[in-house]
Amino acid sequence: MVLRIGIVGAGIEGMSTAVNIQKRFIDAQVTVMGAEFSPRIRGLAGATNCGAAFVMPEFLAGTPQELQKMWTKATHDHLIKMCYGPDAYKLGVNVANGYGLFTEIGEISRGPPHWADTLFGWRKATPEEMTCFPDQFLDGWNFSTIVVNPGIYTQYLYDRFRLRGGKIVQRKLTSMDEIADDFDVFACAPGLGAFELLKDETMMPMRGQLISVEAPWVKNFYGYEKDDETLCYIIPRINDVILGGTFQVGEWDTTIDPQVTQRIMDDCSEIVPSLRSAKKLDEWTGLRPGRPSVRLEYEHLELDSGKKIHTVYNYGHGGAGVTLHWGCGNMAADLVKETIEKNGLKSLL
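One structure accompanies this document, and this report is about it.

Analysis parameters
- Residues numbered from 1 in each chain as written.
- Predicted model: local features only at pLDDT ≥ 70, side-chain atom pairs only at ≥ 80, totals over all residues.
- Heavy atoms only, no water.
- Helix = DSSP H or I, 4+ residues; strand = E, 2+ residues; numbered from the N terminus.
- Rg over C-alpha atoms; globule rule 2.2 N^0.38 Å.
- Buried < 20%, exposed > 50% of the residue type's maximum accessible area, 1.4 Å probe, protein only.
- Salt bridge = Lys/Arg side-chain N within 4 Å of Asp/Glu carboxyl O.
- Pairing = 2+ DSSP bridges.
- Axes fitted to C-alpha atoms, helices over the stretch in contact; angles between N-to-C directions.
- Parallel < 35°, antiparallel > 145°, perpendicular 65-115°, else oblique.
- Contact = heavy atoms within 4.5 Å.
- Phe/Tyr/Trp six-rings, centres within 6.5 Å; stacked < 30°, edge-to-face > 60°.
- Patch = residues over 30% accessible without salt bridge, like charges linked within 9 Å, V, L, I, M, F, W, Y side chains within 5 Å.
- Areas by Shrake-Rupley, 256 points an atom, 1.4 Å probe, with all protein chains shown as cover.
- Lys, Arg positive; Asp, Glu negative; His and termini not counted.
- Charge placed at Lys NZ, Arg CZ, Asp CG, Glu CD.
- Expected span 1.5 Å × (residues − 1).
- Polar contact = N/O pair within 3.5 Å; in protein donor to acceptor, adjacent residues only side chain to side chain.
- Core = buried A, V, L, I, M, F, W, Y, C linked by side-chain atoms within 4.5 Å.

## So, the overall build of the protein chain
When its secondary structure is counted, the protein chain shows nine helices and 15 strands. Relative to a compact globule of 349 residues, whose C-alpha radius of gyration would be 20 Å, the protein chain shows 20 Å and is just as compact. Its C-alpha atoms put the protein chain at 65 × 35 × 35 Å along the principal axes. Put simply, the protein chain has 349 residues, and 59% of those count as buried.

Spelled out as structure tokens, the structure:
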């Protein structure tokens, strides 16, 4: 009998989990189920496919920092090989250098941040470099990181998964009971969908609004935090430049706000004035899947029907989905392997 493994969620977390599971169980039947797919996953299904998306460690207060560093490094190492490989353009990844800016000098701006040894070449910006920016910016960092176009990259994961025999099904689930008898073990990466599907009331949306522009002369990234809900960032991807943004916790509305669009353009153009001449290609909103901490664990889940299923969770990454995806996918796959072996399920390693 072939081992049946079901993945719930077709975003970047679900697909990284699925691909890593395939590496451990080459003969298993692995099926991914998702309500929506690349190139644009919006709203409740998750926002990673239309995000600015670069490897930028965040401080997720409820998640152990050592785990965050481990997941970030695994993701960084995975993506950097792609950046310097022959197919980088097809995969939607590139290396960029840039600046994190500060309007106040303090403990945070002085650095170094906890992730300084994870990304390439972190250093303080020199006084000469700071003269290139408006007077409001008093301090800054310079470093290099990896930028990802999630629509292109997730399509690569779909193709890689299918090439190895994986099955992808478009299906919106309202209960795990619907598929309880179809698989031997589950990996659940439903993003914000965990609020309804898994009844996880700790999930919260973190609304973002972005603009895509054509500005091939912009080679560096820039960013700073204006306040808890207002961000400013300029991120050059392989085929456009992303301008943002917002970080509105608890806001479910995905309607584009014209006033926010104008504010984003004004803020970004203050740092790079030539952006006022850039052609606007697109704009959108999305909801990051927020949670007090990343949920990456096993549970022998009892459903409403009374059935019990072996389940590994991998969701709640907030705005760090791309930054953590490969490290978390690896750990989730290890938990699936451990679950199969401990519970005597048929292993086809």
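## Details of the pattern of salt bridges
The final tally for this structure, using the stated rule, is 20 salt bridges. Put simply, Glu 178 and Arg 171 hold a salt bridge, and the shortest N to O gap is 3.7 Å. Each of Lys 226, Arg 263 and Asp 267 takes part in salt bridges that share partners, so that together they form one network.

## Here we look at the pairing of strand S15 (residues 308-315)
Within S15, seven of the eight residues are buried, leaving the element largely enclosed by the surrounding structure. Of the strand pairs in this sheet, strand S7 (residues 185-188) and S15 are connected by three bridges, and their pairing is parallel. From the neighbouring strand, Phe 186 faces S15, where its bridge partner is Thr 311. Direction of pairing for strand S14 (residues 295-302) relative to S15: antiparallel, over a ladder of eight bridges. Residue pairing across strands places Leu 301 opposite Ile 309, the latter belonging to S15. Between S14 and S15, which pair antiparallel in sequence order, lie five residues; one of them, Gly 306, sits at a positive phi of approximately 100°.

## Description of the packing of helix H2 (residues 65-83) against helix H9 (residues 321-342)
In a packed pair of helices, the relevant descriptors are the angle between the two axes and the axis-to-axis distance. Their axes nearest at 7 Å, the elements H2 and H9 cross at an angle of 100°. Looking at the two axes, H2 sits roughly perpendicular to H9. Residues Leu 67, Gln 68, Met 70, Trp 71, Thr 72, Ala 74, Thr 75, His 78 and Leu 79 of H2 form the contact with H9, whose participating residues are Val 322, Thr 323, Leu 324, His 325, Trp 326, Gly 327, Cys 328 and Met 331.

## Describing the environment of Ala 74
By secondary structure assignment, the location of Ala 74 is in helix H2. Residue Ala 74 is classed as partly exposed on the basis of its relative accessible area, which comes to 27%. Residues Ala 74 and Leu 324, 250 residues apart in the sequence, show an inter-C-alpha distance of 8.0 Å. Leave out the neighbours within four places in its chain, and Ala 74 touches Trp 326 and Gly 327.

## Some details on the packing of aromatic side chains
Pairs of aromatic rings are described using the distance from one ring centre to the other and the angle between the two planes. In total, this model carries 14 aromatic pairs according to the counting rule given. Between the aromatic rings of Trp 115 and Phe 143, the centroid separation amounts to 5.0 Å while the plane-to-plane angle is 65°, which identifies the pairing as edge-to-face. Taken together, the residues Trp 115 in the loop between helix H4 (107-110) and strand S4 (120-124) and Phe 143 in strand S5 (residues 139-148) connect sequence positions 28 residues apart. Each member of the pair Trp 115 and Phe 143 is classed as buried. Members of the aromatic cluster, each reached through a chain of ring pairs, are Phe 54, Phe 102, Trp 115, Trp 122, Trp 141, Phe 143 and Phe 221.

## Focus on a negative patch on the surface
Judged by side-chain charge, Glu 225, Asp 227, Asp 228, Glu 229, Glu 251 and Asp 253 come together as a negatively charged surface patch. Tracing the sequence through the fold places Glu 251 in the loop between strand S12 (248-249) and helix H8 (258-271).

## So, H8
Helical geometry note: an α-helix holds 3.6 residues per turn, so side chains three or four residues apart project in the same direction. In a regular helix each residue adds 1.5 Å, so 14 residues correspond to 20 Å; H8 covers 21 Å between its end C-alpha atoms and thus fits that length. Within H8, the full set of buried residues consists of Val 260, Thr 261, Arg 263, Ile 264, Met 265, Asp 267, Cys 268, Ser 269 and Ile 271. Those residues of H8 hidden inside the fold are in contact with strand S3 (93-102), strand S8 (204-214), strand S9 (221-225), strand S10 (230-236), strand S11 (241-246) and strand S13 (279-290). Its side-chain oxygen 2.9 Å from the backbone nitrogen of Gln 259, Asp 257 forms the N-cap of H8.

## Notes on the nonpolar core
Ranked by size, the top nonpolar core spans 68 residues in total, and within it Ile 5, Ile 21, Val 93 and Tyr 153 carry the most contacts. Per element, the largest residue contribution to this core is nine residues, and it comes from H9. Sequence-distant contacts of Ile 5, that is, excluding residues within four places in its chain, are made with Ile 21, Phe 25, Ala 28, Gln 29, Val 30, Thr 31, Phe 183, Val 185, Val 336 and Ile 340. Among the nonpolar cores identified, the runner-up in size contains 24 residues, and Tyr 99, Met 130, Val 218 and Val 260 belong to it.

## Observations regarding a nonpolar patch on the surface
On the surface, Tyr 84, Val 95 and Phe 120 cluster together into a nonpolar patch covering about 310 Å² of accessible area. Looking at the secondary structure, you find Phe 120 in strand S4.

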